[in-house]
Amino acid sequence: MNTEKLILDGACVANDIKEQLLSRVKLLAEKGITPCLATILVGDDPASATYVRMKGNACKRLGIESRRISLGKDTSTEQLIAIIQQLNEDSDVHGILLQHPVPHQIDERAAFDAIDITKDVDGVTTLGFAQNAFGFAAYPSCTPAAIVAILDYYQIPIEGKHAVVVGRSPILGKPVSLMLLNRNATVTICHSKTKNLASIVGTGDIVVAAVGKPKFIQGDWIQPGAVILDAGYNEGNVGDVDYEACLLHASAITPVPAGVGPVTIATLLKHTVDAAEQLAFLR
Ligand code: NAP
């Protein structure tokens, strides 16, 4: 069992990303451009409202404009797509974020895919996913990108490692698996139908938890020295990993809160600034 433990501090990584953005936002301001992120919230889910508010506040602190669009819970797919199309055509808007999940009557995939690829700073479109899978330039999903950013910040090698990803959602498990694969990890993707989950997780040099179940990954599943990235965020500020138990076996681990979450938000800001720079460059 390892004695050296590295707590992967998401606040530290997020601050590093945001510090680098400050000078870029200033340069854009000199060109008369303020990066602008439009966030769309449909319905009245309190957790989603909190996430959108947090993202808006993070924008403001960095000099990025945050334009919030709140729509009623009875909004139809067509109405939502019409709003997205207006934002696509608005040259003052550089990034569009549709807060997930949307009310059940909405075709979320159709709404995500209505976002122009150049404004898909949250990395939710099918086209963006495919481009990332092929290793082409496109904004990756923010949480997967945050996971890779944390590994890079702490100079944790990815190449040749066995990464076990628990979860295969289109915004998290699948894209992070492909990103790790593109960085030459050997990747195993687990899901709700996976057999012998504990023993598979036990072969991971890198374990990514993206399950949506509090404290799901158990300490005695973890091989000594593994690196654990907990993307989970459940009620009561609890991750998908049994943190205390996993800490005993891991060499490095992200806490919840202050692990993957803040880096996800910083990544969203970075993508918005990237998108604004892209426009400035094209002008
Ligand atoms: P999701 O869409 O519900 O996907 C959950 C995944 O976990 C599915 O692929 C599911 O498998 C798998 N799963 C469920 N039960 C399992 C079991 N018993 N054994 C193995 N796999 C199982 O969730 P998500 O949107 O990816 O989110 C996952 C977590 O990340 C949540 O806690 C969420 O709050 C958090 N999250 C955090 C951030 C952040 O910024 N930190 C951003 C997004 C999400 P099937 O495909 O077979 O159903």
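Residues numbered from 1 in each chain as written. Predicted model: local features only at pLDDT ≥ 70, side-chain atom pairs only at ≥ 80, totals over all residues. Heavy atoms only, no water.

Draft legend 1. Focus on the domain arrangement of the protein. In terms of domain boundaries, the protein breaks down into domain 1 (32-118) and domain 2 (142-261). Relative to domain 2, the C-alpha centre of domain 1 lies at a distance of 28 Å. (Domains from an automatic or database assignment.)

Draft legend 2. How the structure looks around the packing of helix α1 (residues 10-30) against helix α6 (residues 142-153). Running from amino to carboxyl end, α1 crosses α6 at an angle of 95 degrees, the nearest separation of the two axes being 10 Å. Viewed along their axes, α1 and α6 adopt a mutual orientation that is roughly perpendicular. The residues of α6 that touch α1, namely those facing Cys12, Val13 and Asp16, are Ala149, Ile150 and Tyr153. Counted by class, the contact of α1 with α6 contains 5 nonpolar, no polar and 1 charged residues. (Axes fitted to C-alpha atoms, helices over the stretch in contact; angles between N-to-C directions. Helix = DSSP H or I, 4+ residues; strand = E, 2+ residues; numbered from the N terminus. Parallel < 35°, antiparallel > 145°, perpendicular 65-115°, else oblique. Contact = heavy atoms within 4.5 Å. Nonpolar A, V, L, I, M, F, W, Y, C, P; charged D, E, K, R; others polar.)

Draft legend 3. A look at the layout of surface pockets. For the largest pocket, the calculated volume is near 1,200 Å³. If you trace the largest pocket, you find 45 residues lining it, with Tyr51, Thr143, Ile171, Ala231 and Tyr233 closest to the centre. Residue assignment for the lining of the largest pocket shows that the elements contributing at least two residues are α2 (46-62), β4 (95-98), α4 (108-113), α6 and α10 (260-282). Among the residues making up the lining of the largest pocket, the classes are represented as 25 nonpolar, 13 polar and 7 charged. (1 Å grid on protein atoms, 1.4 Å probe; cavity = no way out; pocket = protein on both sides within 12 Å on 5 of 7 lines; lining within 4 Å. Points joined across faces, edges and corners; volume = space filled by probe spheres on them.)

Draft legend 4. Examining the site of the ligand more closely. In the vicinity of the ligand lie 22 residues, with Arg168, Ser169, Ser192, Ala231 and Tyr233 positioned nearest. Separating an oxygen atom of the ligand from a backbone N or O atom of valine 211 is a distance of 3.5 Å. For the ligand, the protein covers 71% of the area, taking 920 Å² as the surface of the free molecule. (Near = heavy atom within 4 Å. Polar contact = N/O pair within 3.5 Å; in protein donor to acceptor, adjacent residues only side chain to side chain. Areas by Shrake-Rupley, 256 points an atom, 1.4 Å probe, with all protein chains shown as cover.)

Draft legend 5. Molecular detail of the sheet that holds β4. If you trace the 3 strands from one edge of the open sheet to the other, you get β3-β2-β4, paired in parallel fashion. Edge positions in the sheet fall to β3 (65-71) and β4, since each has one partner strand and no second. On average, each strand axis in the sheet is tilted by 20 degrees relative to the strand beside it, whichever way the strands run. Along the sheet face, α2 touches β2 (36-42), β3 and β4 and points at about 170 degrees away from the line of β2. (Pairing = 2+ DSSP bridges.)

Draft legend 6. Main features of the environment of serine 76. When you line up the elements, serine 76 lands in the loop between β3 and α3 (77-89). Residue serine 76 is classed as partly exposed on the basis of its relative accessible area of 23%. When the C-alpha positions of serine 76 and alanine 231 are compared, they lie 30 Å apart, and in sequence the two are 155 residues distant. (Buried < 20%, exposed > 50% of the residue type's maximum accessible area, 1.4 Å probe, protein only.)

Draft legend 7. Just the state of the cysteines, in detail. Considering all chains together, one arrives at 0 disulfides under this definition. Cysteine cysteine 142 is unpaired, with the sulfur of cysteine 59 as its nearest cysteine sulfur at 11 Å. (Disulfide = S-S within 2.5 Å.)

Draft legend 8. Focus on the sheet that holds strand β6 (residues 186-190). Judged by pairing direction, the sheet is parallel, and its 6 strands sit side by side in the order β1-β9-β8-β7-β5-β6 without closing on themselves. In this open sheet, the two strands that pair with only one neighbour each are β1 (6-7) and β6. Pairing analysis gives 4 bridges linking strand β7 (residues 206-209) to strand β8 (residues 227-230), with the strands arranged parallel. Across the sheet, the residue bridging to valine 208 is leucine 229, located in β8. Against the sheet, α6 engages β7 and β8, with an angle of about 145 degrees to β8.

Draft legend 9. A look at the pairing of β8. Here β8 shows two buried faces, one formed by Val227 and Leu229 and the other by Ile228 and Asp230. Both β8 and strand β9 (residues 252-253) contribute to a ladder of 2 bridges, which runs parallel. The residue bridging valine 227 from the neighbouring strand is alanine 252, located in β9.

Draft legend 10. Region of interest: the packing of α6 against helix α7 (residues 173-182). In the contact formed by α6 and α7, the axes pass within 8 Å of each other and the chain directions differ by 40 degrees. For the element pair α6 / α7, the angle class is oblique. At the point where α6 passes α7, the crossing takes the right-handed sense. Seen from α6, the contacting residues are Pro144, Ala145, Ile147, Val148 and Leu151; seen from α7, they are Pro175, Val176, Met179 and Leu180. Class assignment for the residues of the contact of α6 with α7 results in 9 nonpolar, no polar and no charged. (Left-handed = near helix turned anticlockwise from the far one by under 90°.)

Draft legend 11. Examining the UniProt feature "domain: Tetrahydrofolate dehydrogenase/cyclohydrolase NAD(P)-binding" (unreviewed entry) in the protein more closely. Taking the numbering used here, the UniProt-annotated feature "domain: Tetrahydrofolate dehydrogenase/cyclohydrolase NAD(P)-binding" (unreviewed entry) corresponds to residues 141-278. Between the C-alpha atoms that bound residues 141-278 the distance is 18 Å, and the span itself is 37% helix and 14% strand. (UniProt positions renumbered as here; feature names shortened; annotations may be inferred.)

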